[in-house]
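Coordinates in review
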Amino acid sequence: MQKQHILITGGSGLIGKHLSEALLNQGHQVSHLSRKPGGDPHITTFLWNINTKEIDERCVDGVTTIIHLAGAGIADRRWTDQRKNEIISSRVDSIRLIYDLLQRKSHQVKSVISASATGYYSNRGDKILTEQSAPAHDFLGACCVKWEAAVDEGKALGLRVVKYRTGVVLSTEGGALPELARPIKLGLGAPLGNGRQWIPWIHLQDVTDLYIMAVNDMNIQGVFNMSAPEPVTNWTLTNRVARQLKKPLWLPAVPAFILKLIFGEMSAVVLGSTRAVPQALHSLNHTFKYPKVEEALQQLYG
């Protein structure tokens, strides 16, 4: 395995932290692009500002691979028109700012590995969704289409491009799982909506492994669904978490109309049904550490 210098955007997030640590443990050099200085002495942090199009040009010096994780949180705030623009801009304008730098400056970058999301497919009921499935025409789908199109602009620069349409990342350190588990721990857990909506989940360790695979294997390119082989419904995930925490589920499901009243259009994040499967990863004979949700939750809460 050839040691590389890897630049990560969004390196301070849940995935970025774990991925940075894993890459350092493999002997790679890791740098971050961030809005504020970092605190890890093993990682050099370069500053950028997407809104003002400012970027420290030294950030690509010696870099061979860029991992693009930056993006405003989809479910952090209610979806006003302004917030929607922020969500898209944080993903699209950020990678374009890097590509603009690569066009102006001599560099050694060969690969861009980018996050995307299974929100590309959005709410599709029970339909099994592969990488060949069409995108949805709602906000989530449109956001992912613009995101991926911006990343694909790297191909014109001669870069190898990998895009991971990431599902719900399971971790006790952040993301959706602690939010799901919190009411369950209080004995107040319940499925959301009708509970039949599919969730394309994946354990954080498998996410990290897949990024490392794309870093180390230059033959990998294109788009991949980053989700476990067996998606589960909201009802199943809620029940499995309750079972792992040894808590009863006695409340009725939270009606969809209440969630829509509270969250507005953003309720699509929890009410949408996305039965995505990792067909392209199967073709690579990739093995997941946690292919079943019971194994993933046992490791996280065991």
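Residues numbered from 1 in each chain as written. Predicted model: local features only at pLDDT ≥ 70, side-chain atom pairs only at ≥ 80, totals over all residues. Heavy atoms only, no water.

Quick word on the overall build of the chain
Worth spelling out the cut-off: Only DSSP runs of H or I reaching four residues or more are called helices, and only runs of E reaching two or more are called strands; each is numbered from the N terminus. Should any heavy atoms of two residues lie within 4.5 Å, those residues are counted as being in contact. Computed with a 1.4 Å probe, the accessible areas rest on the Shrake-Rupley method; for each residue, only the protein chains presented here act as cover.
Looking only at helices and strands, the chain features ten helices and 14 strands. Projected onto its principal axes, the C-alpha positions of the chain cover 60 × 40 × 40 Å. Taking the contacts inside the chain whose residues are at least 6 apart along the sequence as the reference set, 77% of them involve residues at least 24 apart. Total accessible area on the chain is roughly 14300 Å²; 51% of this is exposed by carbon and sulfur atoms.

Focus: a nonpolar patch on the surface
Condition: Excluding any residue in a salt bridge, patches collect residues exceeding 30% relative accessible area, merging like charges within 9 Å and nonpolar Val, Leu, Ile, Met, Phe, Trp and Tyr side chains within 5 Å. Salt bridge, as used here, is a side-chain nitrogen of Lys or Arg placed within 4 Å of a carboxyl oxygen of Asp or Glu. Categorising residues by exposure relies on relative accessible area from a 1.4 Å probe, with only protein chains included: less than 20% of the type maximum marks a residue as buried, more than 50% marks it as exposed, and the intermediate range marks it as partly exposed.
A cluster of nonpolar side chains, contributed by Phe-257, Ile-258, Leu-261, Ile-262 and Phe-263, occupies part of the molecular surface with about 500 Å² of accessible area. Mapped onto the elements of the fold, Phe-257 is located in helix α7 (residues 256-263). Judged by its relative accessible area of 54%, Phe-257 is exposed.

Things to note about the pattern of salt bridges
Inspection of the entire model under this criterion finds 16 salt bridges. Put simply, Arg-96 and Glu-153 hold a salt bridge, and the shortest N to O gap is 2.8 Å. You can see Arg-96 sitting in helix α2 (residues 81-104) and its partner Glu-153 sitting in the loop between α3 (139-152) and β8 (160-166), a full 57 residues away along the chain. Classification of Glu-153 as partly exposed rests on a relative accessible area of 34%. Across the pair Arg-104 and Asp-100 runs a salt bridge, and its minimum N-O distance is 3.0 Å. Taken together, the residues span about one helical turn, with Arg-104 and Asp-100 both in helix α2 at a distance of four residues.

Describing the packing of α2 against α3
Defined as follows: Each axis is a line fitted through C-alpha atoms, taken for helices only over the stretch in contact, and angles between the N-to-C directions span 0 to 180 degrees. Roughly parallel means an angle under 35 degrees; roughly antiparallel means over 145; roughly perpendicular covers 65 to 115; every other angle is labelled oblique. Throughout, the ten residues Ala, Val, Leu, Ile, Met, Phe, Trp, Tyr, Cys and Pro are labelled nonpolar, Asp, Glu, Lys and Arg are labelled charged, and all others, Gly among them, are labelled polar.
Between α2 and α3, the least distance of the axes is 9 Å, while the angle of their chain directions is 5 degrees. Classified by the angle their axes make, α2 and α3 are roughly parallel. Along the contact surface, α2 presents Lys-84, Ile-87, Ile-88, Arg-91, Val-92, Ile-95, Arg-96 and Tyr-99, while α3 presents Phe-139, Cys-143, Lys-146, Trp-147, Ala-150 and Val-151. In terms of residue class, the contact of α2 with α3 is made up of ten nonpolar, no polar and four charged.

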